[in-house]
2 protein chains.
Amino acid sequence: MACNEVFQYSIVSALMDGVATHGTPIARVLAQGDHGLGTFRNMVGEMIVVDGEVYQMKADGSVVHISNPEETVTPFATVTRFRPTMHTRISLTGKEDLEALLTRLFPAAKNHFLAVRMDGVFRRIHFRTAGGQISPREGMVDVCARQTVHSFEGVKGTIFGFRCPQYVMGINVAGDHMHFITDDRQRGGHILAFETEGEVDVAAAQMSNFHLELPTEDDEFNQATLVLQAQGIKAVEG
Amino acid sequence: MACNEVFQYSIVSALMDGVATHGTPIARVLAQGDHGLGTFRNMVGEMIVVDGEVYQMKADGSVVHISNPEETVTPFATVTRFRPTMHTRISLTGKEDLEALLTRLFPAAKNHFLAVRMDGVFRRIHFRTAGGQISPREGMVDVCARQTVHSFEGVKGTIFGFRCPQYVMGINVAGDHMHFITDDRQRGGHILAFETEGEVDVAAAQMSNFHLELPTEDDEFNQATLVLQAQGIKAVEG
């Protein structure tokens with residue numbers, strides 16, 4: 001796959017419907033991209049892929065570096081071979097500020113995808129981690145109802161995420177969706193709120209190619225209803 | 001692109017919103033697949049791709065073989081490198097009968113894509129052709145309100161089309177979407193109804209990879225709202 005194209009395995013609606021028992025080896029996802037987001041079997045923790053390395057950010061606050069991507073399975077992941085076309089340094093007061101920045105920097109991207117990475121110090125950052133299903137087919141709304149919220153101040157780290165156009169809601173998450181990991185790769189999760197401490201490095205790229213691979217020979221996926229639950233997705237991933 | 005994967009240029013919601021002035025050379029689409037559907041600039045006629053050949057089926061009933069795919073542009077097309085994994089011969093009483101057949105032959109395809117081709121004699125077949133926009137940005141519902149309906153009896157020809165899962169509605173057309181062209185490649189269009197005359201050859205394949213390429217440097221596409229108009233799409237493409 002070329003640089004700055006989106007590769008995705010399975011769809012968010014499948015997670016909403018609790019399809020998370022099986023998946024694809026993370027090594028196959030890494031072959032398509034070096035930066036991204038996702039989750040793990042049974043939605044145990046949040047996934048972030050940075051510089052080709054995969055981390056599992058668990059509900060107890062710990063982070064596991066996935067050193068065996070051939071043997072570790074993901075039921076849902078989105079990655080890109082990230083080669084930013086835009087770099088800037090800026091202070092940001094929060095998610096809305098970042099949203100406005102991206103819209104300003106990419107005026108013709110409303111119906112395209114964006115990838116964005118930020119490196120720097122965060123005055124405050126709140127992120128959550130999902131603890132996983134307590135029974136097979138438990139849906140993402142119920143899984144996230146038990147999420148753990150973590151708050152840090154003055155922490156150095158990396159944010160990576162995607163902006164997806166409205167029309168992919170259900171397949172992915174429409175709008176901005178970002179994960180965070182600390183510089184020492186010891187803490188991280190799905191971002192709820194943040195504020196930078198001074199300027200941070202922002203790098204981004206617009207993307208116009210989207211590749212979707214669906215689970216095969218997976219009875220859970222085959223039998224799932226996969227109706228659009230836009231409100232639910234917005235509630236747990238927005 | 002590998003065999004039996006879906007390649008799509010732009011999205012159906014863009015056509016609904018009248019985005020059809022620009023596009024991509026058909027030669028670029030043909031590089032990704034040898035069977036498919038689509039339309040032409042300003043939605044002038046229906047496109048069918050069979051055995052690597054592209055035909056423009058116009059509202060006046062004529063069919064133009066596209067002999068210069070490098071110079072001809074499509075604002076929307078879906079193709080696959082079709083290598084059927086299932087072959088059968090069967091009599092069919094209509095679209096519902098074909099729907100039931102495909103569901104029976106591919107029991108684990110509810111959340112996947114199908115490609116299907118039928119060759120044979122059709123006792124009766126009704127198809128429509130869209131005549132094109134009368135002004136820029138005219139939406140597909142208005143374009144199709146002026147569609148021409150053609151009816152034939154005892155005609156030999158080829159049907160090709162796709163079944164898309166429900167969750168791609170708006171990106172493509174959920175459900176079955178088929179075009180027809182006569183054996184002599186002189187008549188054809190978007191199928192409204194059909195009945196076979198005795199048995200026809202049915203060939204099909206299940207597909208689990210979907211590649212979407214979005215228009216770039218296209219102000220019409222960039223500015224379009226692209227909200228899901230599921231009922232409208234069903235009305236004109238279902």
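Since this is a predicted model, take the numbers as computed values, not measurements.

Thresholds, definitions, all that
- Residues numbered from 1 in each chain as written.
- Chains lettered and ligands numbered in written order.
- Predicted model: local features only at pLDDT ≥ 70, side-chain atom pairs only at ≥ 80, totals over all residues.
- Heavy atoms only, no water.
- Least-squares fit on C-alpha atoms with pLDDT ≥ 70 in both.
- Contact = heavy atoms within 4.5 Å.
- Helix = DSSP H or I, 4+ residues; strand = E, 2+ residues; numbered from the N terminus.
- Buried < 20%, exposed > 50% of the residue type's maximum accessible area, 1.4 Å probe, protein only.
- Arc of directions from axis to C-beta.
- Salt bridge = Lys/Arg side-chain N within 4 Å of Asp/Glu carboxyl O.
- Phe/Tyr/Trp six-rings, centres within 6.5 Å; stacked < 30°, edge-to-face > 60°.

Undergrad: Explain the relation of the copies chain A and chain B here, please?
TA: Here the two chain copies are tied together by a rotation about an axis and a shift along that axis. Between chain A and chain B, the superposition needs a rotation of 180° and an axial shift of 0.0 Å, giving an RMSD of 0.0 Å. The two molecules are tied by a two-fold rotation axis, judged by turn and shift. Residue His 211 of chain A, judged by its C-alpha, is the member of chain A lying nearest the rotation axis, at 2.2 Å. Most of the interface of chain A is mirrored in chain B, where 100% of its interface residues again form contacts.

Undergrad: Just checking my understanding: could you explain the environment of Gly 94 of chain A for this structure?
TA: Within the secondary structure, Gly 94 of chain A sits in the loop between strand E9 (86-90) and helix H3 (95-105). Exposure remark for Gly 94 of chain A: the relative accessible area of 5% places this residue in the buried category.

Undergrad: Teacher, can you tell me more about H3 of chain A here?
TA: An α-helical turn contains 3.6 residues, so a residue and the one three or four places further along point in the same direction. Residues and elements named next belong to chain A. Of all the positions in H3, only Leu 98, Leu 101 and Leu 102 are classed as buried. Along the long axis of H3, the arc covered by the buried residues comes to 95°, so they all point the same way. Within H3, the exposed residues directed more than 90 degrees away from the buried face are Glu 96 and Arg 104. For H3, the elements touching its buried residues are E9, strand E10 (113-129), strand E11 (148-164), strand E12 (175-182), strand E13 (188-196) and strand E14 (200-207).

Undergrad: Sorry, what's going on with the environment of Gly 139 of chain B here?
TA: All names here are of chain B. Mapping Gly 139 onto the fold places it in the loop between strand E10 (113-129) and helix H4 (140-145). Judged by relative accessible area, which is 12%, Gly 139 ranks as buried. Separated by 43 residues in sequence, Gly 139 and Glu 96 place their C-alpha atoms 28 Å apart. When near neighbours in sequence (up to four residues on either side) are disregarded, Gly 139 contacts Leu 15, Met 16, Asp 17, Gly 18 and Met 43.

Undergrad: When you look at helix H6 (residues 230-237) of chain A in this model, what are you seeing that I'm missing?
TA: All names here are of chain A. Among the residues making up H6, those that are buried are Gly 232, Ile 233, Val 236 and Glu 237. Angular distribution of buried residues about the axis of H6 spans 100°; they occupy a single face of the element. Structural note: H6 exposes Gln 231, Lys 234 and Ala 235 on the side pointing more than 90 degrees away from its buried face. Where H6 is buried, its residues touch helix H1 (12-16), E10, helix H4 (140-145), E12 and E13.

Undergrad: Explanation requested: the pattern of salt bridges in the structure shown.
TA: In a structure, side chains of opposite charge can pair up when their charged atoms sit close to one another. All names here are of chain A. If you walk through the whole model with that rule in mind, you get 26 salt bridges over all chains. For the salt bridge of Arg 146 with Glu 138, the shortest nitrogen-to-oxygen distance reads 2.7 Å. With relative accessibility at 36%, the residue Arg 146 sits in the partly exposed group. Each of Glu 46, Arg 128 and Glu 237 takes part in one network of salt bridges that share partners.

Undergrad: How should unusual backbone geometry be read in this particular structure?
TA: With the exception of glycine, the majority of residues adopt a negative phi angle, and the majority of peptide bonds are in the trans configuration. All names here are of chain B. We note that Ser 10 has phi near 65°; this positive angle belongs to a residue other than glycine. For Ser 10, the position within the fold is in the loop between strand E1 (6-9) and helix H1 (12-16). The backbone phi angle of Met 43 is positive, close to 55°, even though this residue is not glycine. Within the secondary structure, Met 43 sits in the loop between strand E3 (35-39) and strand E4 (46-50). You can call Met 43 buried: its relative accessible area is 2%.

Undergrad: Looking at this structure, how should I read the packing of aromatic side chains?
TA: The relation between two aromatic rings is expressed through the spacing of the ring centres and the mutual angle of the planes. Going through the model one piece at a time under the given rule, you end up with 14 aromatic pairs over all chains. Between Phe 160 of chain A and Phe 162 of chain A the ring centres are 5.2 Å apart and the planes differ by 85°, which places this aromatic pair in the edge-to-face class. One exposure class covers both Phe 160 of chain A and Phe 162 of chain A, and it is buried. Between the aromatic rings of Phe 122 of chain B and Phe 194 of chain B, the centroid separation amounts to 5.9 Å while the plane-to-plane angle is 85°, which identifies the pairing as edge-to-face. With a gap of 72 residues between them, Phe 122 of chain B in strand E10 and Phe 194 of chain B in strand E13 (residues 188-196) connect regions that are remote in the sequence. Considered together, Phe 122 of chain B and Phe 194 of chain B belong to a single accessibility category, that of buried residues. In textbook terms, an aromatic cluster arises when at least three aromatic residues are bridged by ring pairs, as seen for Phe 122, Phe 127, Phe 152, Phe 180 and Phe 194 of chain A.

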